Amino acid sequence: MAIDITKFINLDRIIEKVQSLPIPGLSFLDTIGIDLGTTSIKIVQMKKIKDKFQLVRWSLIPLSAGTDKTDLTPEEKVANMIDVLKTYRGSGKGIPKNAVCSISGNSVIVRYVKFQKLTHKELSKTIKAEAEPYIPFNIEEVFIGFHPLRDITEEGKLKMETVLVAAKQELVNSRVEVLESSGFKPVIMDVDAFALESVYESIGENPLVNETILIANIGASQTNFVIVEN
């Protein structure tokens, strides 16, 4: 199944809209967040009333109850997630169909690189060739997203610092399969680190813009640290 990466890892869309919407591009009234974890699925829906967030619903559902998860094949794990989400989707009224999900781990690569100065359209056309030296995977087996940060001059040449993201298609497609097979519609698939940064920027009345902040995301099989500066 071929998936258009611009629907799921689109840094331009995220950064462009993060100032105007608490969570980019989405309505809190009809979108639900789903975290497909190693040992559990976490679900949350929120809405914003004036400048405050209100929790609409949340759930933490263990996976493979009564079963040693190490004995499950990848296919069985996917089937287990689908069963859990199908049951949840049918458990109550008003559960949104649109879903937001995230990816992380060894199948996701985030790099800050320097490319020759190009327009966004030009870089879009050549991104595979430009990104290949920085990606430790087969370039034909990943989805690629990027966002230019700033222009710099290096050795007399104009370049641009760029956030480069590559995610294995297998990982993204697996997430999409789980959500769609459960009756949800994946509208954004972000990288954990960027999602956490968006959350930090969205909460609190006055984020400490002049401070350096460490965000820790502690999971069952891995922990992510995100450093946000200015």
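Source: prediction; values computed, not measured. (Residues numbered from 1 in each chain as written. Predicted model: local features only at pLDDT ≥ 70, side-chain atom pairs only at ≥ 80, totals over all residues. Heavy atoms only, no water.)

Some remarks on the overall build of the protein chain
Then, in step 1: Summing up its helical and strand segments, the protein chain has five helices and 10 strands in all.
Then, in step 2: Looking at the protein chain residue by residue over its 230 residues, the buried ones come to 40%.
Then, in step 3: At a minimum sequence separation of 6, the contacts of the protein chain that also span at least 24 residues come to 62%.
Then, in step 4: About 13600 Å² of surface is accessible on the protein chain, with carbon and sulfur atoms providing 51% of the total. (Helix = DSSP H or I, 4+ residues; strand = E, 2+ residues; numbered from the N terminus. Buried < 20%, exposed > 50% of the residue type's maximum accessible area, 1.4 Å probe, protein only. Contact = heavy atoms within 4.5 Å. Areas by Shrake-Rupley, 256 points an atom, 1.4 Å probe, with all protein chains shown as cover.)

What about the sheet that holds strand S6 (residues 142-154)?
Then, in step 1: The three strands are arranged S5-S7-S6 in an open sheet whose pairing can be described as antiparallel. Pairing within the sheet leaves two strands with one partner each, and these edge strands are strand S5 (108-116) and S6. Shown here is a sheet whose adjacent strand axes are inclined to one another by a mean of 20 degrees, direction ignored.
Then, in step 2: The pairing of S6 with strand S7 (residues 157-168) spans 12 bridges and is classified as antiparallel. Within S7, the position partnered with Pro 148 by the bridge is Thr 162.
Then, in step 3: The strands touched by helix H4 (residues 169-181) are S5, S6 and S7; relative to S7, the strand with the most contacts, the crossing angle is about 55 degrees. (Pairing = 2+ DSSP bridges. Axes fitted to C-alpha atoms, helices over the stretch in contact; angles between N-to-C directions.)

Let's talk about the packing of helix H2 (residues 74-89) against H4
Two packed helices can be described by the angle between their axes and the distance between those axes.
Then, in step 1: It is at 8 Å that the axes of H2 and H4 come closest, and there the two elements cross at 35 degrees. Crossing of H2 over H4 shows right-handed handedness. Between H2, through Val 78, Met 81, Ile 82, Leu 85 and Lys 86, and H4, the contact on the second element is made entirely by Ser 174, Glu 177, Val 178, Leu 179 and Ser 181. (Left-handed = near helix turned anticlockwise from the far one by under 90°.)

A few points about the confidence of the model for the protein chain
Then, in step 1: Looking at the protein chain, pLDDT values average 82 and 82% of them are 70 or higher.
Then, in step 2: At the level of individual helices and strands, the protein chain shows its lowest average pLDDT in helix H1 (residues 11-17), which scores 44, and its highest in H4, which scores 95.
Then, in step 3: Throughout residues 1-8 the model reports pLDDT below 50, and contacts reaching past four residues in sequence, or to other chains, amount to 18 contacts.
Then, in step 4: Across residues 11-28 the pLDDT falls below 50, and counting only partners more than four positions away or on other chains, this stretch makes 41 contacts in the model. (pLDDT = per-residue confidence, 0-100.)

Considerations on the environment of Ser 174
Then, in step 1: Within the element layout of this structure, Ser 174 appears in helix H4.
Then, in step 2: Linking Ser 174 and Glu 75, residues 99 residues apart in sequence, is a C-alpha distance of 9.7 Å.

Digging into the packing of aromatic side chains
Then, in step 1: Tallying each qualifying case throughout the model produces one aromatic pair.
Then, in step 2: The ring of Phe 184 carries Arg 89 above its face, with NZ or CZ at 5.1 Å from the centroid. (Phe/Tyr/Trp six-rings, centres within 6.5 Å; stacked < 30°, edge-to-face > 60°. Lys NZ or Arg CZ within 6 Å of the ring centre and 35° of its normal.)

Brief notes about the pairing of strand S4 (residues 98-103)
Each regular strand displays side chains that alternate between the two surfaces of the sheet.
Then, in step 1: The sheet contact formed by strand S1 (residues 31-36) and S4 spans three bridges and is parallel. Along S4, the bridge assignment pairs Ile 32 with Ala 99.
Then, in step 2: With six bridges joining them, S4 and strand S8 (residues 185-191) adopt parallel strand pairing. Bridging from a neighbouring strand, Cys 101 pairs with Met 189 of S8.

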